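# Understanding the architecture of this molecule
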Amino acid sequence: MLTDIEIAQRAEMKKIREIAEEIGITEDEIENYGPYMAKFSDEYLKKIEGNPYGKLILVTAINPTPAGEGKTTVTIGLGDALTLAGKKTMIALREPSLGPCFGIKGGAAGGGYSQVVPMEKLNLHFTGDFHAITSANNLLAAVLDNHLQQGNELGIDPKRILFKRCLDMNDRALRNVVIGMGKRTDGVVREDHFMITVASEVMAILCLSEDIDDLQERLGRIIVAHTYQNKPVTAADLKCVGAMTVLLKDAIRPNLIQTLGHTPALVHGGPFANIAHGCNSVRATKTALRSADYVVTEAGFGADLGAEKFLDIKCRMAGLKPDAVVLVATVRALKYNGGVPKAELSEENIDALKKGIVNLGKHIENIKKFGFHPVVTLNRFVSDTDEEIAVVREFCREKDCRMTVSEVWAKGGEGGKELADAVLEEIAENRSAYHPVYELKSSLREKIETIAKEIYGADGVEYSPEAAKALREAEEAGYGEMPVCMAKTQYSLSDDASKLGRPEGFTVSIREAYVSAGAGFVVAIAGSIMTMPGLPKVPAAERIGIDEEGNTVGLF
């Protein structure tokens, strides 16, 4: 059996100009990054501004197992299936982060015969967007520390600096550091922190910006610190917003690649869903909607994280409204939520499946709270038995949801025909009535508690003194009507990764909160979630390398 990377390396890709031309985009309207990758030109993005939107399909999932359950694979396969059905289709995805690539997951470009390619370039440096975001973020950090060194004209309190440096790598040793050590000319000594690039506010800003002007305005609003008089200091106050924008002027343009089935794929931006808002860029989504009749996009991790943020944050800010929602599940993940150890997930276990299927039930209920009837699809694994699939089918029938079996990993778009037909039927029936689950006029605590109770199923919320103070000060500063971006574990509906299935009788603990004024939301950090992940005992990096012919191996 071929690995994902071997399948990708053997694929016959079309030149990216051919992919563009097939959807009516001329060679002059893209900027090539080699023969198989491109960015859209500013001229094309302006040309399509008045185009009507196509249909938007959101793909989300139940809570995954630590290995991941194929949401991106299903997203890509659905796009290819719609293309095979004769629909003018585009896919809008996030870019992979180097952190997970060398950590647990390896590559993040789909799997099997449902992938976006070129897989190696996408998973590694791609078009340089993440490097640009990292550079812009760290430029602001450098200017901030230089300001302290050069006399601190703004009166910044070094103990009240909020802005963190970032790096697109899992590196726990950088979570808490001391900088400025050495000579007097080496800077002001202070405690500092790193977060992973995909959790940074600059990443969120790039993904939520409508255009370069909006990007620059949002960058200027970033709160970097407070003065000794407790006044906020912004990036605009430090006079480096123009330079940050220059670093991001190419990164804000969406990237175009293709699937193995030659469906155009816009892959742009990559905020994590467990510690950020988890959606690809607004620009990429809108570019796809103005260029195709059907757009398939995804939101990171389970529906309690990615879909909630897509529907409560991204759609609200960007004026988007999905036409259908697909909820991905696997028999393996349902058994895992029923208490089966990871090593035994390939064995049939009807009792564990029936116990863990309550997790799927809760996610179905949550999607319905936003006004949708989700189409449930099982991403089929070889080990899944007919009896197990029948249990899920009957459960979905009782929940009044369409249910399909997806075999896109093994068959590509052909394996997604049943899912594509179900999605098209759902769109034709026009049953969706999208609405967020909370009002912006609610207090920050009310928003957090609505998400915790309605989406997670918690009894209530506990706040650390620091979090309670931060939320109070945010409202006093005029940020109370912003949406809330929850940061919590992806492995459980609760903030405790060990609570599987559909937990009950728990509270959500908010230990930290801060304003991302440029992004336009308030972040609430629940439980022990970290904004700078660490590597596992045996990182994926150990199996990645170059073979004798110069090919990358081990990247899935």
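Report on the accompanying structure.

Basis of the calculations
- Residues numbered from 1 in each chain as written.
- Predicted model: local features only at pLDDT ≥ 70, side-chain atom pairs only at ≥ 80, totals over all residues.
- Heavy atoms only, no water.
- Helix = DSSP H or I, 4+ residues; strand = E, 2+ residues; numbered from the N terminus.
- Rg over C-alpha atoms; globule rule 2.2 N^0.38 Å.
- Buried < 20%, exposed > 50% of the residue type's maximum accessible area, 1.4 Å probe, protein only.
- Contact = heavy atoms within 4.5 Å.
- Areas by Shrake-Rupley, 256 points an atom, 1.4 Å probe, with all protein chains shown as cover.
- Lys, Arg positive; Asp, Glu negative; His and termini not counted.
- Charge placed at Lys NZ, Arg CZ, Asp CG, Glu CD.
- Core = buried A, V, L, I, M, F, W, Y, C linked by side-chain atoms within 4.5 Å.
- Polar contact = N/O pair within 3.5 Å; in protein donor to acceptor, adjacent residues only side chain to side chain.

## Looking at the overall build of the chain
Along the chain, the regular secondary structure elements total 20 helices and 25 strands. Computed over the C-alpha atoms, the radius of gyration of the chain is 23 Å, within 12% of the 24 Å expected from 2.2 N^0.38 for a compact globule of 556 residues. For the C-alpha atoms alone, the extent of the chain along its principal axes is close to 70 × 60 × 50 Å. Counting across all 556 residues of the chain, residues that qualify as buried make up 59%. Across the chain, contacts joining residues at least 24 apart in sequence account for 75% of those joining residues at least 6 apart. Working note: accessible area of the chain is about 21800 Å², and carbon and sulfur atoms make up 49% of it. Positive and negative side-chain charges in the chain, numbering 64 and 78 respectively, have mean positions lying 3 Å apart.

## A few points about unusual backbone geometry
Cis geometry is adopted by the peptide bond preceding Pro118, which originates at Val117 and carries an omega value of 10 degrees. Mapped onto the elements of the fold, Pro118 is located in the loop between strand 6 (114–117) and helix 6 (119–123). Phi at Phe126 is positive, roughly 50 degrees, even though this residue is not glycine. Residue position: Phe126 is located in the loop between helix 6 and helix 7 (129–149). With a phi angle near 55 degrees, Asn430 is a residue other than glycine that sits in the positive phi range. With respect to the helices, strands and loops of the structure, Asn430 is situated in the loop between helix 18 (417–429) and helix 19 (444–456).

## Overview of helix 11 (residues 282–289)
Burial runs high along helix 11: eight of the eight residues are buried. Within the span of helix 11, buried status applies to Val282, Arg283, Ala284, Thr285, Lys286, Thr287, Ala288 and Leu289.

## Quick look at the nonpolar core
Ile222, Leu248, Leu360 and Ile510 are the most contacted members of the largest nonpolar core, which totals 137 residues. Those residues in contact with Ile510 that lie beyond four places of it in its chain are Ile448, Val461, Glu462, Tyr463, Ser464, Ala467, Met486, Ala524, Ile525 and Ala526. Among the nonpolar cores identified, the runner-up in size contains 19 residues, and Val59, Val74, Val328 and Val423 belong to it.

## Here's the deal with the side chain of Asn170
Tracing the chain through its elements places Asn170 in the loop between strand 8 (165–167) and strand 9 (177–179). Side-chain polar atoms of Asn170 contact the backbone oxygen of Gly99, separated by 3.5 Å. When neighbours within four sequence positions are excluded, Asn170 is seen to be in contact with Gly99, Pro100, Gly103, Ile196, Met532, Pro533, Gly534 and Leu535.

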